[in-house]
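# Observations on chain architecture
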Amino acid sequence: MSDVTRLSVFKTYKLYVGGKFPRSESGRVYEVNDAKGTWLANAPLSSRKDARDAVVAARKAFGGWAGATAYLRGQILYRVAEMLEGRRDQFVREVQDAEGLSKAKAGAVVDAAVDRWVWYAGWTDKIAQIVGGGNPVAGPFFNLSSPEPTGVVTVVAPQESSFLGLVSVLAPVIATGNTAVVIASEDRPLPALSLAEVLATSDVPGGVVNILSGRTAEIATPLAAHQDVNAIDLAGADEQLAKELEVAAADNLKRVLRPQPVDWAADPGTSRLTPFLETKTVWHPTGSLGSGGSSY
């Protein structure tokens, strides 16, 4: 075997929109450095046009994803966990670089993120049982409430927790049948952009998750004001940006989940599953049995 030194093969990170991997339409990139300031890669610097394209893709995918059975969505989310497990070493390395952690601590973060996917995969066909049900009414009617997805959700991913935090805010959005436009951590986008490669090979339909990298405020502002976005999770926005985005979101009455202190390693419970669900209530006559007027 030759002793000639090989040239380094640098990875080109791309956006993930509509199941494809485009560069930013602006052609812009920005430098991503590790926790010590060493250059890692160039990431796409998304534009407003990229944000609008992502919303179009998310809306196009919404009907099919929301209409899929909860069981099928759970199977697909579990497949994501399987694929993440198979690429564990890659994500450990990327989290280690992004967050300045030891290999052991980065491994624990990645393991927790995989477990988080499994957690939400298990909830897809169970959440209706805790937020829906039959309602007692005064009359011969069935009155049933059931949860339905809100629609297209913009997710401002956590800035510090580039992978576990990202998974913790993204997985519940799609587990409940919504589609997502994700703004990755501004300074630590590489784990999110690599997650896109896993999603693309995990049976997640194109457009269900769209991942953008770049300047958080630059991308989030048009998305908060976008008339075809139904909700926004401000997990990764600072206080000033969160206020600005909340005002913009009010224009079409978006649902807004404001940022709050979170321990991403803690038991997630179901609190992030419910904010982006609507409740549909259906009335139906019970009918009558016999001349006595008893009903079933």
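See the structure above.
About the thresholds
- Here the residue numbers are simple positions, counted from 1 along each chain's written sequence.
- Where local features are concerned, this predicted model is filtered to residues with pLDDT of at least 70; where side-chain atom pairs are given and counted, the filter is 80 or more; whole-chain, interface and lining totals use all residues.
- Only hydrogens and water are set aside when side-chain values are computed; all heavy atoms of the structure are taken into account.
- Cavity and pocket criteria rest on a 1 Å grid covering protein atoms alone: a 1.4 Å probe that fits but cannot get out defines a cavity, protein on both sides within 12 Å along at least 5 of 7 lines defines an open pocket, and an atom within 4 Å of a point defines a lining residue.
- Grid points are joined across faces, edges and corners, and a volume is the space filled by probe spheres set on the points.
- Numbered from the N terminus, helices here are DSSP runs of H or I no shorter than four residues, and strands are runs of E no shorter than two.
- Following the grouping adopted for this structure description, the nonpolar residues are Ala, Val, Leu, Ile, Met, Phe, Trp, Tyr, Cys and Pro, the charged ones are Asp, Glu, Lys and Arg, and the polar ones are all others, Gly among them.
- DSSP bridges decide pairing: two strands pair if at least two such bridges lie between them.
- Residues belong to a common nonpolar core when they are buried Ala, Val, Leu, Ile, Met, Phe, Trp, Tyr or Cys residues joined through side-chain atoms within 4.5 Å.
- Buried means the residue's accessible area, taken with a 1.4 Å probe over protein chains only, is under 20% of the maximum for its type, while exposed means over 50%, and partly exposed covers the values in between.
- We call two residues in contact whenever any of their non-hydrogen atoms come within 4.5 Å of each other.
- Centres within 6.5 Å are what make two rings of Phe, Tyr or Trp a pair, Trp counting through its six-membered ring; a difference in plane orientation under 30 degrees is then read as stacked, over 60 as edge-to-face, and the rest as tilted.

### Digging into the layout of surface pockets
- Considered as a void within the structure, the largest pocket measures approximately 450 Å³ in volume.
- Along the wall of the largest pocket there are 21 residues; nearest its centre are K11, Y13, L40, A41 and L190.
- Looking at the lining of the largest pocket, the elements with two or more residues in it are β2 (39-44) and α3 (88-99).
- For the lining of the largest pocket, the element with the most residues is β2, which contributes 6 residues.
- When grouped by side-chain class, the residues that make up the lining of the largest pocket number 10 nonpolar, 5 polar and 6 charged.
- The volume enclosed by the second largest pocket comes to roughly 200 Å³.
- Classifying every residue of the lining of the second largest pocket gives 7 nonpolar, 3 polar and 4 charged.

### Here we look at the sheet that holds strand β4 (residues 141-149)
- Across the sheet, which stays open at both edges, the 3 strands sit in the order β3-β4-β10 with antiparallel pairing between neighbours. The open sheet is flanked by β3 (133-134) and β10 (277-285), the only strands paired with a single partner.
- By the bridge criterion, 9 bridges tie β4 to β10 in an arrangement that is antiparallel. Bridge assignment links L144 to a residue of β10, and that residue is V282.

### Topic: the nonpolar core
- Of all hydrophobic cores here, the largest spans 60 residues; its most connected members are L84, W117, I174, V182, L199 and I211.
- Among all residues touching L199, those that are not within four sequence positions of it are Y16, V80, W117, V204, V209 and I211.

### Some points on the pairing of β2
- By the bridge criterion, 5 bridges tie strand β1 (residues 29-33) to β2 in an arrangement that is antiparallel. When the sheet's bridge partners are listed, E31 is paired in β2 with N42.
- Connecting β1 to the next strand, β2, in antiparallel fashion are 5 residues, including G37 with a positive phi near 90°.

### Concerning unusual backbone geometry
- Positive phi is not limited to glycine here, since D203 has a value of about 70°.
- Among the structural elements, D203 can be located in the loop between α7 (190-200) and β7 (209-212).
- Residue classification places D203 among the exposed residues on the basis of a relative accessible area of 55%.

### Details of the packing of aromatic side chains
- Using the criterion set out here, one finds 4 aromatic pairs in the structure.
- Ring centres of Y16 and F21 lie 4.9 Å apart, and the angle between their planes is 35°; this geometry places the pair in the tilted category.
- Assessed through its relative accessible area of 33%, F21 is described here as partly exposed.
- With a centroid separation of 4.8 Å and 15° between ring planes, the pair formed by F91 and F163 is classed as stacked. Placement of F91 in helix α3 and of F163 in the loop between β5 (152-156) and α6 (164-175) is noted, with a sequence separation of 72 residues between them.
- Of the residues examined, F91 reaches a relative accessible area of 0% and is grouped as buried.

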